Amino acid sequence: MQSIYAMHQSGSDNLEKQQKFLQVSLENIIDLYLILLSSLVEIRKKEIEYIDLAQKKHLATSEERNPNLRFINNPILVALDESNSLHSALEKNKINNWQSNDDTILMLLQDIKKSELFQKYMAKKTVTFEEERFFVVDIFSEIIAPNEKLYSYLEDFKLTWVDDIPVVNTLIVKQLRHMTADADSIKVPVAYKDEEDKEFSISLFRKTVLNDAELTKEFIDKTPNWDFERIAELDTIILKMAICEFLKYPSIPFKVTINEYLELAKEYSTPKSSIFINGILDNLVKHFQTNNKINKAGRGLI
């Protein structure tokens, strides 16, 4: 949707250039995942450095000489630091953001240590493994993920990540909740589940752009009470993409398509867009079914 919108806004007809940008943007989501997950590793390392320096102070306090090591010994944080899957992916994708921007890590560490969450965790006499794990889940979801300065840094680094951040944060929280003390218990995901999945996004993009006139004709006469020129541009793009799925992808159920594009409209377009789009798509489905224009077939359709 955003790639098609960008083409419209720029007045460009360079399909290949925009397709390449779309592919790179989709694949870059793994880099975002690696940067966010590795922040936990780097935060722990900074705390180790701080404790080491404090112990070596000439006039170190009793607390500095005998620090509480619970945070740096947290089994989930240790497992992340020892994860071959994570380190291999960081090296392969050449992710070194925190080495050159450790001020962001220091800021996050300070926020964590000032939090009531941290204070309660460190003050407990003993903690179970479950408590260790959910402490990490909580500091990520309550302190790291919503941090505005971190968000601004990521947005400045790569603008296309703005919409990916919530998706990646949700995935990381889900993975952390199921981690064990085994360093191999977390695996870096792949951008696509299979080759068909990879091809779908590019296929949908190309078919929507290349069949623009045909797709427009399908709904232009279904909006008698609307001036076509006044329909929000995003709404027309959403309609064209949905109709493209109706016509070009027989294995995707009508209901799935409608639900997904209504969510897009609610997130990105005007307050009334989802109602407008829902009405148009519902009418089109009835029209297509009455006229036997398409036959949906595949999983979830029986």
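An account of the accompanying structure is given in this report. (Residues numbered from 1 in each chain as written. Predicted model: local features only at pLDDT ≥ 70, side-chain atom pairs only at ≥ 80, totals over all residues. Heavy atoms only, no water.)

Digging into the packing of aromatic side chains
- Here the structure, examined in full by the defined rule, presents 10 aromatic pairs.
- An angle of 70° between the planes, with centres 5.2 Å apart, marks the rings of F200 and Y249 as edge-to-face. Of this pair, F200 sits in helix 13 (residues 195-210) while Y249 sits in the loop between helix 15 (233-248) and helix 16 (254-268), and the two are 49 residues apart along the sequence.
- Residue class for Y249 comes out buried when judged on its relative accessible area of 11%.
- Summarising the aromatic geometry, the rings of F246 and F254 are spaced 5.1 Å apart at their centres and angled 80° between planes, so their arrangement reads as edge-to-face.
- Given the relative accessible area of 1%, F246 is considered buried.
- Take F254: its relative accessible area is 12%, and that puts it in the buried class.
- Three or more aromatic residues link up through ring pairs in this structure, and these residues are F71, F118, Y121 and F135.
- Directly above the ring of Y249 sits K207, whose terminal nitrogen or CZ lies 4.7 Å from the centroid. (Phe/Tyr/Trp six-rings, centres within 6.5 Å; stacked < 30°, edge-to-face > 60°. Helix = DSSP H or I, 4+ residues; strand = E, 2+ residues; numbered from the N terminus. Buried < 20%, exposed > 50% of the residue type's maximum accessible area, 1.4 Å probe, protein only. Lys NZ or Arg CZ within 6 Å of the ring centre and 35° of its normal.)

Concerning the nonpolar core
- Ranked by size, the top nonpolar core spans 49 residues in total, and within it L34, L40, F71, L154 and L176 carry the most contacts.
- For this core, the elements supplying multiple residues, two or more each, are helix 3 (29-55), helix 5 (75-81), helix 6 (84-92), helix 8 (102-114), helix 9 (116-123), helix 10 (129-144), helix 11 (148-157) and helix 12 (165-177).
- Top element by residues in this core is helix 3. It accounts for 11 residues.
- Membership of the second largest hydrophobic core comes to 36 residues, among which are F205, I237, C244 and L262. (Core = buried A, V, L, I, M, F, W, Y, C linked by side-chain atoms within 4.5 Å.)

Comments concerning helix 9
- For helix 9, the complete set of buried residues consists of F118, Y121 and M122. Each buried residue of helix 9 lies within a common arc of 95° when the element is viewed along its axis, so the set occupies one face. Within helix 9, the exposed residues directed more than 90 degrees away from the buried face are E116, K120 and A123. (Arc of directions from axis to C-beta.)

Concerning the environment of M241
- Residue position: M241 is located in helix 15.
- Owing to a relative accessible area of 7%, M241 belongs among the buried residues under this scheme.

Overview of the pattern of salt bridges
- Applying the stated criterion across every chain, the model contains 14 salt bridges.
- Across the salt bridge formed by K46 and E49, the nearest N and O atoms sit 3.6 Å from each other. With K46 and E49 both in helix 3 and 3 residues apart, the pair spans about one turn of that helix.
- Accessibility expressed as a relative area gives 43% for E49, which makes it partly exposed.
- Across the pair K113 and E47 runs a salt bridge, and its minimum N-O distance is 3.0 Å. (Salt bridge = Lys/Arg side-chain N within 4 Å of Asp/Glu carboxyl O.)

Description of the environment of I220
- Along the chain, the position of I220 falls in helix 14 (residues 212-220).
- Residue class for I220 comes out partly exposed when judged on its relative accessible area of 35%.
- In sequence terms I220 and I280 are 60 residues apart; their C-alpha atoms lie 9.8 Å from each other.

A closer look at the side chain of E218
- Structurally, the position occupied by E218 is in helix 14.
- E218 gets classed as buried once you look at its relative accessible area, which sits at 11%.
- Residue contacts for E218: discarding those within four places in its chain leaves I243, L247, L284, F288 and K293. (Contact = heavy atoms within 4.5 Å.)

Section: the packing of helix 8 against helix 10
- It is the contact of helix 8 with helix 10, at a shortest axis distance of 11 Å, that shows an interaxial angle of 110°. Comparing their axes, helix 10 and helix 8 come out roughly perpendicular. Considering how the two elements wind past one another, helix 8 and helix 10 form a crossing that is right-handed. Contacts from L108, D111 and I112 of helix 8 reach helix 10 at I139, I143 and I144.
- In the contact of helix 8 with helix 10, the residues fall into 5 nonpolar, no polar and 1 charged. (Axes fitted to C-alpha atoms, helices over the stretch in contact; angles between N-to-C directions. Parallel < 35°, antiparallel > 145°, perpendicular 65-115°, else oblique. Left-handed = near helix turned anticlockwise from the far one by under 90°. Nonpolar A, V, L, I, M, F, W, Y, C, P; charged D, E, K, R; others polar.)

Topic: the side chain of E42
- Following the sequence through the fold, E42 ends up in helix 3.
- Overall, the relative accessible area of 15% leaves E42 in the buried class.
- Excluding residues within four positions of it along the chain, E42 makes contact with W98, Q99 and I105.

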